[in-house]
Amino acid sequence: MSSSLMEPLAAKRLKLAMDNIHNSEIPNQDIKQPDWSLLPFTVLRHIYSFSSNKDRYNMSLTCKTWLEPFVAPEIWRSLTFRFDRNQDLYVTRFLKRILPVSLRHLNIDFKEADKGIIVSEIDSLECVKLVIRHRIIHQVKNLVSLRLANIGRFTKNWPEDRKRKDLVMLVKCFIEMQTDLQVFNLSCAGLDLETGRKMMLKLGLNCGSNVHKLVIDDFISNDYEGNEDFVDMMDKSLLEPLRYFTKLTSLTVSFNNLCGNVLGVLTTSGCLNCMRIFVVNVADPIRISSRRWRNLQTACPQLQIYFTFVNSTTSQNFVKILKPGIPLTGIKWNVEKGFQEENWVERTITECLSHVATKFKDSLRHVRVSLQVADESEAIIFNDIMKKLRPFVRHHLCSMRVLRVVCV
């Protein structure tokens, strides 16, 4: 019986059952519990809307009546999951039961769990392929936001591996289906240049004029870094597709993907408000001139730029990257290894912050320096250095709101 037909009957029977519940004024009355399987569809749907994915799944196993809202398309407007080699099999079973016709927001993170791994890499790969294929079969092409983060762990050497190649082709097909995207996140995808360029180009042609937020840091593999034409190759992978994203207000990108021509495209659109740049293993730190940065700031007066430096960097590269003209709002400096190398002495950190204090004291608002995966001796040295630098920072960066030092 359909939900609409049984709903009046369910409400009536539920009321009768509730009326028969034990009344304390009648001591000998039999206790009768209401039949919860007769809850109206609208009530169940309302309960589902406030429940977590796991609770929804458990509720759907109760009875056929409680299964109806679980498979109802209007329940599933947003989905967030992780394929971390821990819950992959459960997530796959869960997603295969859903008809994602009304899905508008899909967020999947493929980052591997730090502990509790119980699913093999091959099984995890197969689970992801099943889920993406399920979305393609059911024509899920009206997404408003799509996040496929850290899928790079599946795309290593994918041309030589048939299963990994199948996954890349499925992801490519799924992305190219989308026509209404406004937010797109393909962070840490690790694709080859040609596949990444074609994927972004097709997305730009389909819905580039709708997208206002784009997150594509490390969406191209770093295997090309040894190539002498690496910089030009990386520029071309982003330059052509970016012309179609005419209403972009937020962009997250790797520094190696930037060049003067890319900034020129962003200057032409004039819509950018926020830009986040990740600096890892810089191939050419001097290829963007101060003039390009100033032109971008003039075209986008509300623009705020945040730089994230990963691992150690020399003070020379630091100065070359952070040139005058950048509307620099924040810096994150994540030190993950090599702390005891020559570059990581107190003088180097002081030189870098001195440069920031001199060139960006009017715009800079946030500085965060963190040391991760450090032993006890490194943490002690790091904290001592940052304590010495605090008076310097307070004196020279009086407009800065936060200097945050973290040891993990």
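Residues numbered from 1 in each chain as written. Predicted model: local features only at pLDDT ≥ 70, side-chain atom pairs only at ≥ 80, totals over all residues. Heavy atoms only, no water.

**Section: the pattern of salt bridges**
Then, in step 1: Considering all chains together, one arrives at 14 salt bridges under this definition.
Then, in step 2: Residue Arg 153 pairs with Glu 121 through a salt bridge whose shortest N-O separation is 3.1 Å. One end of the pair, Arg 153, is in the loop between strand S3 (145-149) and helix H7 (162-177); the other, Glu 121, is in helix H6 (residues 121-137), with 32 residues separating them in the sequence.
Then, in step 3: The buried category is assigned to Arg 153, whose relative accessible area is 13%.
Then, in step 4: A salt bridge links Lys 129 to Glu 126; the shortest N-O distance between them is 3.6 Å. Here the residue Lys 129 and the residue Glu 126 both occupy positions in helix H6, the gap between them amounting to 3 residues, near one helical turn. (Salt bridge = Lys/Arg side-chain N within 4 Å of Asp/Glu carboxyl O. Helix = DSSP H or I, 4+ residues; strand = E, 2+ residues; numbered from the N terminus. Buried < 20%, exposed > 50% of the residue type's maximum accessible area, 1.4 Å probe, protein only.)

**Things to note about the side chain of Asn 185**
Then, in step 1: In this fold, Asn 185 is placed in strand S4 (residues 183-185).
Then, in step 2: At a separation of 2.9 Å, a polar atom in the side chain of Asn 185 contacts the main-chain amide nitrogen of Ser 187.
Then, in step 3: Setting aside residues up to four positions removed in sequence, Asn 185 forms contacts with Leu 146, Arg 147, Leu 148, Ala 149 and Val 215. (Polar contact = N/O pair within 3.5 Å; in protein donor to acceptor, adjacent residues only side chain to side chain. Contact = heavy atoms within 4.5 Å.)

**Focus: the packing of helix H2 (residues 41-49) against helix H4 (residues 64-71)**
Then, in step 1: Viewed as axis vectors pointing N to C, H2 and H4 meet at an angle of 60°, and their least axial separation amounts to 9 Å. Taken together, the axes of H2 and H4 are oblique relative to one another. Like other packed secondary-structure pairs, H2 and H4 cross with a definite hand, here right-handed. Of H4, the residues touching H2 (which contributes Phe 41, Leu 44, Arg 45 and Tyr 48) are Thr 65, Trp 66, Glu 68, Pro 69 and Phe 70.
Then, in step 2: Tallied by class, residues from the contact of H2 with H4 come to 6 nonpolar, 1 polar and 2 charged. (Axes fitted to C-alpha atoms, helices over the stretch in contact; angles between N-to-C directions. Parallel < 35°, antiparallel > 145°, perpendicular 65-115°, else oblique. Left-handed = near helix turned anticlockwise from the far one by under 90°. Nonpolar A, V, L, I, M, F, W, Y, C, P; charged D, E, K, R; others polar.)

**Some details on unusual backbone geometry**
Then, in step 1: In this structure, Arg 85 takes a positive phi of about 65° despite not being glycine.
Then, in step 2: Arg 85 sits in the buried class, given a relative accessible area of 16%.
Then, in step 3: Phi is positive for Asn 150, close to 65°, though the residue is something other than glycine.
Then, in step 4: Considering the arrangement of structural elements, one finds Asn 150 in the loop between S3 and H7.
Then, in step 5: Judged by relative accessible area, which is 22%, Asn 150 ranks as partly exposed.

**Some details on the nonpolar core**
Then, in step 1: One finds Phe 94, Leu 266, Met 275, Ile 277, Phe 307 and Leu 322 to be the most contacted residues of the largest nonpolar core, which totals 98 residues.
Then, in step 2: It is H7 that provides the largest number of residues to this core, a total of 7 residues.
Then, in step 3: Contacts of Phe 307, omitting those with residues within four sequence positions, involve Phe 255, Ile 277, Val 279, Ile 321, Leu 322, Ile 326, Leu 328, Gly 330, Ile 331 and Lys 332. (Core = buried A, V, L, I, M, F, W, Y, C linked by side-chain atoms within 4.5 Å.)

**Here's the deal with the confidence of the model for the protein**
Then, in step 1: Per-residue confidence for the protein gives a mean pLDDT of 78, with 75% of residues at or over 70.
Then, in step 2: Between residues 1-6, whose pLDDT stays under 50, and residues either more than four places distant or in other chains, the model counts 6 contacts. (pLDDT = per-residue confidence, 0-100.)

**Looking at the environment of Gly 152**
Then, in step 1: Structurally, the position occupied by Gly 152 is in the loop between S3 and H7.
Then, in step 2: Judged by relative accessible area, which is 15%, Gly 152 ranks as buried.
Then, in step 3: Residues Gly 152 and Lys 111 lie 41 residues apart in sequence; the distance between their C-alpha atoms is 8.8 Å.
Then, in step 4: Excluding anything up to four places from it in sequence, Gly 152 contacts Cys 188, Ala 189 and Gly 190.

**Points about the pairing of strand S2 (residues 105-109)**
Then, in step 1: Pairing of strand S1 (residues 78-82) with S2 involves 5 bridges; the strand directions are parallel. Note on S2: the bridge partner recorded for Ser 78 is His 105. (Pairing = 2+ DSSP bridges.)

**Section: the packing of aromatic side chains**
Then, in step 1: Evaluated as defined, the whole model comprises 6 aromatic pairs.
Then, in step 2: Note on Phe 83 and Phe 110: the rings are 5.9 Å apart at their centroids and 15° apart in plane angle, and the pair reads as stacked. With a gap of 27 residues between them, Phe 83 in the loop between S1 and helix H5 (88-96) and Phe 110 in the loop between S2 and H6 connect regions that are remote in the sequence.
Then, in step 3: When its relative accessible area of 0% is taken as the criterion, Phe 83 is described as buried.
Then, in step 4: Overall, Phe 110 belongs to the buried group, its relative accessible area being 1%.
Then, in step 5: Residues Phe 309 and Trp 333 carry aromatic rings whose centres are separated by 6.3 Å and whose planes lie at 50° to one another, so their mutual orientation is tilted. Of the two residues, Phe 309 is situated in strand S8 (residues 304-310) and Trp 333 in strand S9 (residues 328-335); the sequence distance between them amounts to 24 residues. In this structure, Phe 309 and Trp 333 share a single accessibility class: buried.
Then, in step 6: Taken together through their ring pairs, the aromatic side chains of Phe 307, Phe 309, Phe 318 and Trp 333 make up a single cluster. (Phe/Tyr/Trp six-rings, centres within 6.5 Å; stacked < 30°, edge-to-face > 60°.)

**Points about the side chain of Ser 124**
Then, in step 1: Inspection of the secondary structure assignment puts Ser 124 in helix H6.
Then, in step 2: Leave out the neighbours within four places in its chain, and Ser 124 touches Arg 85, Asp 88, Val 119, Arg 153 and Phe 154.

**As for H5**
Then, in step 1: For H5, the complete set of buried residues consists of Asp 88, Tyr 90, Val 91, Thr 92, Phe 94 and Leu 95.
Then, in step 2: For H5, the elements touching its buried residues are helix H3 (53-60), H4, S1 and H6.

**Describing helix H8 (residues 193-207)**
For an α-helix, 3.6 residues make a turn, and residues three or four places apart therefore share a direction.
Then, in step 1: Helix length check: H8 (15 residues) gives 21 Å between terminal C-alpha atoms against 21 Å at 1.5 Å per residue, within 8%.
Then, in step 2: Among all positions of H8, only Leu 193, Thr 195, Gly 196, Arg 197, Met 199, Met 200, Leu 201, Leu 203, Gly 204 and Cys 207 are buried.
Then, in step 3: Capping of H8 at its N-terminal end is provided by Asp 192; its side-chain oxygen lies 3.3 Å from the backbone amide nitrogen of Glu 194. (Expected span 1.5 Å × (residues − 1).)

**Observations concerning the packing of H5 against H6**
Then, in step 1: At a closest axis distance of 9 Å, the pairing of H5 and H6 adopts a crossing angle of 15°. By the criterion of interaxial angle, the relationship of H5 to H6 is roughly parallel. H5 and H6 meet at a crossing whose hand is left-handed. Between H5, through Asp 88, Leu 89, Thr 92, Leu 95 and Lys 96, and H6, the contact on the second element is made entirely by Ser 124, Cys 127, Leu 130, Val 131, His 134 and Arg 135.
Then, in step 2: Here the residues of the contact of H5 with H6 sort into 5 nonpolar, 3 polar and 3 charged.

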